[in-house]
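Results of the structural survey
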Amino acid sequence: QVQLVESGGGLVQAGGSLRLSCAASGSVFSIRAMGWYRQAPGKQRVLVGDITSGGVTKYSDSVKGRFTISGDNAKNTVYLQMNNLQPEDTADYYCNALALETSVMYAYWGQGTQVTVSS
């Protein structure tokens, strides 16, 4: 199993920046990809972006050019650098890990961290 703990959320003014962290523990060797999702009030959880174990990243169109996902394998941590934040980025942000265990892919989630962007 994999455990995920997010940190780094908070309140920021429009145009500001935040960096979220997601620390993985447990069966980290089984992780094949990690991603960030967000869920705004009254809306569905959607993918922000993800990174594979090989370092390949992809992003949703809404954050492309503003957000960057990176990983530190030594710390088993993935980061989401968010620049030029806008009020529409306000949401709870969740870390996700896809882990291959005994030929089955499992999805694990962190507890979420809140990001609020004021105009």
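Quick summary incoming for the structure in this document. Numbers given for residues are sequential positions, taken from 1 along each chain in its written order. In view of the model being predicted, local features appear only for residues whose pLDDT reaches at least 70, and side-chain atom pairs are presented and counted only at 80 or more, with totals across whole chains, interfaces and linings using the full set of residues. Where side-chain values are given, they derive from all heavy atoms of the structure, hydrogens and water being excluded.

**Some details on the overall build of the protein chain**
- Scanning the protein chain for helices and strands turns up 0 helices and 11 strands.
- Helix and strand definitions follow DSSP, with helices as H or I runs of at least four residues and strands as E runs of at least two, each counted in order from the N terminus. Helices and strands in the protein chain line up, N terminus first, as β-β-β-β-β-β-β-β-β-β-β.
- Taken over C-alpha atoms, the radius of gyration is set against a globule rule of 2.2 Å times the number of residues to the power 0.38. Taking 119 residues into account, the globule formula puts the C-alpha radius of gyration at 14 Å, and the protein chain, at 14 Å, falls close to it.
- Throughout this description, buried means an accessible area under 20% of the type-specific maximum (1.4 Å probe, protein chains only), exposed means over 50%, and partly exposed covers the range between. The buried share of the protein chain, reckoned over its 119 residues, is 40%.
- Note on definitions: a residue-residue contact is assigned when non-hydrogen atoms from the two residues lie within 4.5 Å. Residue pairs in contact within the protein chain that sit at least 24 positions apart in sequence constitute 55% of those at least 6 positions apart.
- All accessible-area figures derive from a Shrake-Rupley calculation using a 1.4 Å probe, and residue coverage is judged against the displayed protein chains alone. Working note: accessible area of the protein chain is about 6,400 Å², and carbon and sulfur atoms make up 50% of it.
- Positive charge is attributed to Lys and Arg, negative charge to Asp and Glu, and no charge count is given to His or to the chain ends. The atom standing in for a charge is NZ when the residue is Lys, CZ when it is Arg, CG when it is Asp and CD when it is Glu. Here the protein chain carries 9 positive and 8 negative side-chain charges, and the mean point of each set is 2 Å from the other.

**Section: the packing of aromatic side chains**
- Side-chain rings of Phe, Tyr and Trp (the six-membered ring for Trp) are treated as a pair once their centres are within 6.5 Å; stacked means planes under 30 degrees apart, edge-to-face means over 60, and tilted covers the remaining angles. Considering all chains together, one arrives at 1 aromatic pair under this definition.
- Ring plane angle 65 degrees and centroid distance 4.9 Å describe the contact between tyrosine 37 and tryptophan 109, whose orientation is recorded as edge-to-face. You can see tyrosine 37 sitting in strand β4 (residues 31-39) and its partner tryptophan 109 sitting in strand β10 (residues 104-109), a full 72 residues away along the chain.
- Looking at tryptophan 109, the relative accessible area reads 38%, which means it is partly exposed.
- In this scheme, the term charge over a ring applies when either NZ of a lysine or CZ of an arginine sits within 6 Å of the ring centre and within 35 degrees of the ring normal. One residue, arginine 45, lies across the ring of tyrosine 94, its end atom 3.7 Å from the ring centre.
- Here the basic side chain of arginine 45 rests over the ring of tryptophan 109, its NZ or CZ set 4.7 Å away from the ring centre.

**Quick look at unusual backbone geometry**
- With phi around 50 degrees, asparagine 76 is a residue other than glycine that occupies positive phi space.
- On the secondary structure map, asparagine 76 appears in the loop between β7 (67-72) and β8 (77-82).
- A relative accessible area of 31% means that asparagine 76 is categorised as partly exposed.
- Here the phi dihedral of threonine 102 falls at roughly 50 degrees; this positive angle occurs in a residue that is not glycine.
- Within the fold, threonine 102 resides in the loop between β9 (91-101) and β10.

**Observations regarding the sheet that holds β8**
- The criterion for strand pairing is that DSSP finds at least two bridges linking the strands in question. Spatial strand order, β1-β3-β8-β7: 4 strands in an open sheet with antiparallel pairing. The strands lining the two open edges of the sheet, one partner per strand, are β1 (2-7) and β7. Ignoring strand direction, the axes of neighbouring strands in this sheet form an average angle of 20 degrees.
- Across 6 bridges, the pairing between strand β3 (residues 18-26) and β8 is antiparallel. From the neighbouring strand, arginine 19 faces β8, where its bridge partner is glutamine 81. Here an angle of 0 to 180 degrees is reported between the N-to-C directions of two axes, which are lines fitted to C-alpha atoms, with helices fitted over the stretch in contact.

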